[in-house]
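Summary of the model geometry
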2 protein chains.
Amino acid sequence: MPTLQDVSRRAGVSTATVSKVLSNTPYFTEETRRKVMEAVRELGYVPNLAARALAAGKTHIIAVVFPYVYEPIFSDPLTLRILGGIESVITQRGYNMLLSTPRLSPSGPDEHYRQLVLSGYLDGLIAIDNVPEASVIEDARAKNLPTVVIGYDVRDGDYWVRSDDFSGGEQIMTHILGLGHRQIGLITVPENMNMALEHRIEGLRAVAQAHGLDFDSLPRANGDFSTESGAACAADLLTRHPEISALICLNDRMAMGAIQQARLMGRRVPQDLSVTGYDDIPAASSFAPPLTTIDQRAPESGQVAARMLFDILEGATPEPTVLPVHFVLRETTAPPTPDFRPSMPTNRSESREEEPPA
Amino acid sequence: MPTLQDVSRRAGVSTATVSKVLSNTPYFTEETRRKVMEAVRELGYVPNLAARALAAGKTHIIAVVFPYVYEPIFSDPLTLRILGGIESVITQRGYNMLLSTPRLSPSGPDEHYRQLVLSGYLDGLIAIDNVPEASVIEDARAKNLPTVVIGYDVRDGDYWVRSDDFSGGEQIMTHILGLGHRQIGLITVPENMNMALEHRIEGLRAVAQAHGLDFDSLPRANGDFSTESGAACAADLLTRHPEISALICLNDRMAMGAIQQARLMGRRVPQDLSVTGYDDIPAASSFAPPLTTIDQRAPESGQVAARMLFDILEGATPEPTVLPVHFVLRETTAPPTPDFRPSMPTNRSESREEEPPA
DNA sequence: GGACGATAGTTAATCGCTTAACTATCGCCA
DNA sequence: TGGCGATAGTTAAGCGATTAACTATCGTCC
């Protein structure tokens, strides 16, 4: 591979001049540029990025960090769409994207990841961080590496972008309540697992209580994001509380599992049971029936995060961003039918569910 | 950030010795190692990867290349699972994964990608290459960069791994024929778009012809991998050829679209119409009804590719690999019912479809 | 005409690490 | 005892760029 020096010799100038021409630093003539460019072409010169990184202290590599927590990112359509959004911006700016999926333990991310962050190999970092414990950006913060977090685990001074989960929860509950449902079941995930989901729950709660509903006494079961767990939760909930006329699920996959399970138990959706999801994954619209859900605009959040990062790299100090969510009305919700409306007006007498089904 | 020199001073040895200890190159005492390691710990030293890359000529970065062709990879669950497989091996070996998605044009991949490949930033490359034109590995080949291709666009001497698409096609057709179907519709993609799919078609053809069926005269429509296009193709096919009792789709998403469309047209699946997919994406098993399909073991192919790459890096010359596929019998296929069996035994009189629906 | 600022290009130090070549020491054996 | 090979560690030369500091040239303005 030809080096800068080869080019400089061939063009009959110094390496400094070649470097200037290539990086468009002032003070060279058109004639010089021509000679240099021609030498570059003739030799097929391509700059050595490692050398450039060492000398200039810039690697043009942005790490995108998806911690390996509850499940592999590679099966979660949502994080993937975020990734797509990030990729589009990074590529467009001529940067490269290093995908890192550190394993998390209570003592923090794995050693290999920590070395990467501290190694000077990275110009910036974008991390998904919704998990309360074990922050993935501590080292980056300590090293002053430009970092944008997508999610909630931030502290003062951090740059972040997040989806308006609270509003998403509000919109769902408003819709369900507006339809006339009062016997509502919740399919959630264990507490302290994901802060985004907890904000959705807070949104649900706010609206429920504004309507005089005792949110904490609503039947509730915890899944683990998967379709299967959604089915299991639905089985549990519908068995113990046959009066339920609407099921609010905190993500689409659990909603889809719940619908299948409900059908197995003889409930038609939406006639006998309304179900809502969250995320609007690709499968949601082609599901039968198409799922009423919340569109988080995941690709957009990736793009916004990437743009914020480049702002920081250029010396600006971008504002943290909360992205609006969009309610997607499809066909899994309907007003409750009298058959499934029990005689008592609320479910105050019901016991509360906390544990997930086996 | 402390450097190697800082460590060497603190430990009271030369930088060469520190380097040796850290890379475990022979000839130092246990005592020396202790001193060095202690200095490393005290200073919080982390090697600078750019400097290491420049000096040693190894970056510990593997590029994973998913060309942007017919659609963004970020919505294709299949390539994503391959990515997951690759990631697991790369991470485990302590390498980093650079995700590159070059834009392809008839003149080749974009310039930024070419620079990356030639820049010396990469220790190896894994590429998905099923698109006939515009190879993504030409530069890598020219530069002698260790490369493994997942797919078909290879030439002699290349390392590759691919799924046994031909056998997959055979198994699908054998199953459908064994069920008794003879009025078979095909939902495919345009020719020269994806070589893997063409091999599946060859597998289908081989078995069909062995059974005396004129494969080329089977009704056929071309989609573009998407659910929507599957629905459109199904609408087209079932309208023109109502006698069709089985629909073979070359991927799951098109199959799912086809099933929804068939249902809209009053066909029950599988009673009135059998449908098969290909890929076994996550949604396939939770679809209603669960989809009969082919499992390609995508994560495995990613793992195999990554392992092959490390073999090459270690000086070995691994054998190209064809991975077996697995037929997944679920609930979208059944024997044809007499109602939908037309009087003529074959469809020799039918015209052939080539164009996709608008 | 001389001084000065802008322009064009060069020299050489530097980034932080690896490694070939070299020196020094030690044990062992003929 | 001398010599040799193995062991332990050092010196210093790169790797291939960037860039600060410097020199040289030229036009302009008083």
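What this report covers is the structure whose coordinates are included nearby. (Residues numbered from 1 in each chain as written. Chains lettered and ligands numbered in written order. Predicted model: local features only at pLDDT ≥ 70, side-chain atom pairs only at ≥ 80, totals over all residues. Heavy atoms only, no water.)

**Section: the packing of helix α2 (residues 15-23) of chain B against helix α3 (residues 30-43) of chain B**
Residue and element names in this part refer to chain B. Put simply, α2 and α3 touch, their axes get as near as 10 Å, and they point 90 degrees apart. The angle between the axes of α2 and α3 places the two elements in the roughly perpendicular class. Judged by residue contacts, T17, V18, V21 and L22 of α2 engage T32, R33, V36, M37 and V40 from α3. Of the residues assigned to the contact of α2 with α3, the class counts are six nonpolar, two polar and one charged. (Axes fitted to C-alpha atoms, helices over the stretch in contact; angles between N-to-C directions. Helix = DSSP H or I, 4+ residues; strand = E, 2+ residues; numbered from the N terminus. Parallel < 35°, antiparallel > 145°, perpendicular 65-115°, else oblique. Contact = heavy atoms within 4.5 Å. Nonpolar A, V, L, I, M, F, W, Y, C, P; charged D, E, K, R; others polar.)

**Describing the environment of P320(B)**
All names here are of chain B. Topologically, P320 is positioned in the loop between α13 (298-313) and β13 (321-323). With 171 residues separating them in the primary sequence, P320 and V149 have C-alpha atoms 9.6 Å apart. Setting aside chain neighbours within four positions, we find P320 in contact with D158, W160 and M308.

**A look at the pattern of salt bridges**
Evaluation of the coordinates by the stated rule reveals 38 salt bridges over all chains. Of the charged contacts in the structure, one is a salt bridge between R34(A) and E31(A), with a shortest N-O distance of 2.9 Å. With R34(A) and E31(A) both in helix α3 (residues 30-43), this residue pair falls three residues apart, about one helical turn. Accessibility expressed as a relative area gives 44% for E31(A), which makes it partly exposed. One salt bridge connects D216(B) with R205(B), and the closest N-O pair in it is separated by 2.4 Å. Here D216(B), found in the loop between α9 (195-210) and β9 (220-222), pairs with R205(B), found in helix α9; they are 11 residues apart in sequence, far enough to count as distant. Linked through salt bridges whose partners overlap, the residues forming this network are E138(A), R141(A), R155(A) and D158(A). (Salt bridge = Lys/Arg side-chain N within 4 Å of Asp/Glu carboxyl O. Buried < 20%, exposed > 50% of the residue type's maximum accessible area, 1.4 Å probe, protein only.)

**Some words on the sheet that holds strand β8 (residues 184-188) of chain A**
Residue and element names in this part refer to chain A. Read across the sheet, four strands follow the order β9-β8-β10-β11 without closing on themselves; strand pairing throughout is parallel. In this open sheet, the two strands that pair with only one neighbour each are β9 (220-222) and β11 (274-276). Strand-to-strand twist in this sheet, taken as the mean axis angle between neighbours without regard to direction, amounts to 15 degrees. In terms of strand pairing, strand β10 (residues 246-249) meets β11 through three bridges, oriented parallel. If you follow A246 over to β11, its bridge partner there is S274. In the packing of helix α8 (residues 165-178) onto the sheet, the strands contacted are β8, β10 and β11, and the crossing angle to β10 comes to about 175 degrees. Along the sheet, helix α11 (residues 252-264) contacts β8, β10 and β11; its crossing angle with β10, the most-contacted strand, is approximately 150 degrees. (Pairing = 2+ DSSP bridges.)

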